[in-house]
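Observations on chain architecture
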Amino acid sequence: MTIRVLVADDQAMVRAGFGMIIGAQPDMELVGEAADGVEAVALARRLRPDVALLDIHMPRMDGLDALRLLTGPGVADPIRVVVVTTFDLDEYVHTALRNGACGFLLKDSGPALLVEAIRAAASGEAMISPSVTVRLLAHVNRSTPRGGDTGTLSPRETDVVKLVARGMTNAEIAAQLFISVGTVKTHLASVQAKLPARNRVEIAAWAWERRLVG
């Protein structure tokens, strides 16, 4: 199966670089490029890529508005979006994740993480860079007390949520908690139903809001 990818960024060099990385993968295909948010939304709706990579700061329509139109609340057939941006835009990341992004990546993360993020989004998972998680914690609402209400989550589900918020994969969580990957997936499915959350990124955002991650 070939993963069809759309790249939206106002910098031609960034689009070219991402295109080269995507084109070098045997299971990926670059199907479109957009230089602004309006073009990104139009192309995404027309081409229906498996994954769209969106920058946040773009002309005409920024990435956050484009994200809401493609995968925000109320969108009947959302497109999987990975937000790709720079360190100085971290203040927007939390909003992006809460509006349906399937992942977040820094532009300087390197080709391996970019490819991993695309594959994760295409398979219905999500990748959150651990370094991003650390920076996001600085932007969490500090009025929310650490260890806030975890609702109806069991202690083990809470453990899983904390590790998801640190950017760990299912395999890493399983190793950390000495349980199987299948058990991790079962816990995550239960957590998604209880919160509710559409994916592991929204689970992580929920944990950040309650300052469950130290």
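Keep in mind that this is a model prediction, so the values were computed, not measured.

1. Remarks on the overall build of the protein
Along its length, the protein carries 10 helices and six strands. A burial count over the protein gives 49% of its 214 residues as buried. For the protein, the accessible surface area stands at approximately 9,600 Å², while carbon and sulfur atoms represent 55% of it.

2. A word on the pattern of salt bridges
All told, the structure shown has nine salt bridges when counted by the stated rule. Among the ionic pairs, Asp 27 bridges to Arg 119, the shortest N-O distance being 2.8 Å. Of the two residues, Asp 27 is situated in the loop between helix 1 (12–23) and strand 2 (28–34) and Arg 119 in helix 5 (residues 111–122); the sequence distance between them amounts to 92 residues. Since its relative accessible area comes to 34%, Arg 119 is described here as partly exposed.

3. Describing the packing of helix 2 (residues 37–47) against helix 3 (residues 63–71)
As a packed pair, helix 2 and helix 3 sit with axes 9 Å apart at the nearest point and diverge in direction by 20°. In this view, helix 2 runs roughly parallel relative to helix 3, as classed from their interaxial angle. Relative to helix 3, the crossing made by helix 2 is right-handed. On the side of helix 2, the interface is formed by Gly 37, Val 41, Ala 44 and Arg 45, while helix 3 contributes Ala 66, Leu 69 and Leu 70. Counted by class, the contact of helix 2 with helix 3 contains five nonpolar, one polar and one charged residues.

4. Observations regarding the packing of helix 1 against helix 5
It is the contact of helix 1 with helix 5, at a shortest axis distance of 10 Å, that shows an interaxial angle of 70°. Here helix 5 runs roughly perpendicular to helix 1, going by the angle between their axes. The handedness of the crossing between helix 1 and helix 5 is right-handed. Facing Phe 18, Ile 21 and Ile 22 of helix 1, the residues of helix 5 in contact are Pro 111, Leu 114, Val 115 and Ile 118. For the contact of helix 1 with helix 5, the per-class residue count stands at seven nonpolar, no polar and no charged.

5. Structural notes on helix 10 (residues 200–209)
Most of helix 10 is tucked away: nine of the 10 residues are buried. Residues Arg 200, Val 201, Glu 202, Ile 203, Ala 204, Ala 205, Trp 206, Ala 207 and Trp 208 constitute the buried set of helix 10. Immediately beyond the C-terminal end of helix 10, within one or two residues, lies Arg 211, with a positive phi of roughly 55°.

6. Re the pairing of strand 5 (residues 103–106)
Side chains Gly 103 and Leu 105 of strand 5 all project onto a buried face; the interleaved residues Phe 104 and Leu 106 project onto the opposite face, where all are buried too. Relative to strand 5, strand 4 (residues 81–85) is paired through four bridges, and the arrangement is parallel. Residue pairing for strand 5: Val 84 is matched across the bridge by Leu 105.

7. Thoughts on the side chain of Asp 36
Along the chain, the position of Asp 36 falls in the loop between strand 2 and helix 2. With a relative accessible area of 10%, Asp 36 lands in the buried category. Looking at Asp 36, its side chain comes within polar contact range of the main-chain nitrogen of Glu 39, at 2.8 Å. There is a polar contact of 3.2 Å between the side chain of Asp 36 and the side chain of Arg 60. Excluding anything up to four places from it in sequence, Asp 36 contacts Met 58, Pro 59, Arg 60 and Met 61.

8. Observations concerning the confidence of the model for the protein
Scored by pLDDT, the protein comes out at a mean of 84, with 86% of its residues at no less than 70. Ignoring residues within four places in sequence, the model shows residues 141–148, a span with pLDDT below 50, making 17 contacts including any to other chains.

9. Regarding unusual backbone geometry
Phi angles above zero are rare outside glycine, and Arg 60 is one such case at about 65°. Inspection of the secondary structure assignment puts Arg 60 in the loop between strand 3 (51–54) and helix 3. For Arg 60, a relative accessible area of 65% translates into the label exposed. Even without glycine at this site, Phe 178 takes up a positive phi of about 60°.

The rules we used
Residues numbered from 1 in each chain as written. Predicted model: local features only at pLDDT ≥ 70, side-chain atom pairs only at ≥ 80, totals over all residues. Heavy atoms only, no water. Helix = DSSP H or I, 4+ residues; strand = E, 2+ residues; numbered from the N terminus. Buried < 20%, exposed > 50% of the residue type's maximum accessible area, 1.4 Å probe, protein only. Areas by Shrake-Rupley, 256 points an atom, 1.4 Å probe, with all protein chains shown as cover. Salt bridge = Lys/Arg side-chain N within 4 Å of Asp/Glu carboxyl O. Axes fitted to C-alpha atoms, helices over the stretch in contact; angles between N-to-C directions. Parallel < 35°, antiparallel > 145°, perpendicular 65-115°, else oblique. Left-handed = near helix turned anticlockwise from the far one by under 90°. Contact = heavy atoms within 4.5 Å. Nonpolar A, V, L, I, M, F, W, Y, C, P; charged D, E, K, R; others polar. Pairing = 2+ DSSP bridges. Polar contact = N/O pair within 3.5 Å; in protein donor to acceptor, adjacent residues only side chain to side chain. pLDDT = per-residue confidence, 0-100.

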